[in-house]
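Report on the structure
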Amino acid sequence: MPRVIAQQVELDLTLDQVLTVVRQLKPEEREVIRRAIEPKPWSQRLETLLARVWARVECYPITEEEVDAEVELARTAIYAQGSN
């Protein structure tokens, strides 16, 4: 059961009670709630993820030689697993 604390008042509410309260809100207030609980579209989540990745790339740049070295380490590890 959801619990709401408002100004140090604690309430135990059922889903029906929450819905009743939400239905009493103005349409624009209900829209705020809908946007708050609705997941963002996958394209927006992807853009956010890519922005974080690119920000990290800018903070911690990696050279092509470092990438090549990591690829070679991975290949060596995979080859060693295949030989066993």
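None of the values given here were measured: they were computed from a predicted structure. (Residues numbered from 1 in each chain as written. Predicted model: local features only at pLDDT ≥ 70, side-chain atom pairs only at ≥ 80, totals over all residues. Heavy atoms only, no water.)

Re the pairing of strand S2 (residues 9–12)
In plain terms, the rule: For two strands to be treated as a pair, DSSP must find no fewer than two bridges joining them. In this text, helices come from DSSP runs of H or I with a minimum length of four residues, and strands from runs of E with a minimum of two, each type numbered from the N-terminal end.
Of the pairings in the sheet, the one linking strand S1 (residues 3–6) to S2 comprises four bridges and is antiparallel in character. The partner of Val4 across the bridge, within S2, is Leu11. In this structure, the hairpin formed by S1 and S2 is closed by a connection of two residues, where Gln7 is found at a positive phi of approximately 50°.

Here's the deal with the pattern of salt bridges
Test applied: Take a side-chain nitrogen of Lys or Arg and a carboxyl oxygen of Asp or Glu: if they are within 4 Å of each other, that pair is a salt bridge.
Evaluated as defined, the whole model comprises three salt bridges. Between Arg35 and Glu31 there is a salt bridge, and its shortest N-O distance comes to 3.6 Å. Of this pair, Arg35 and Glu31 are both found in helix H2 (residues 27–37), four residues apart, which corresponds to roughly one turn of the helix. Salt bridges here are not isolated pairs; linked through shared partners, they connect Glu31, Arg34, Arg35 and Glu38.

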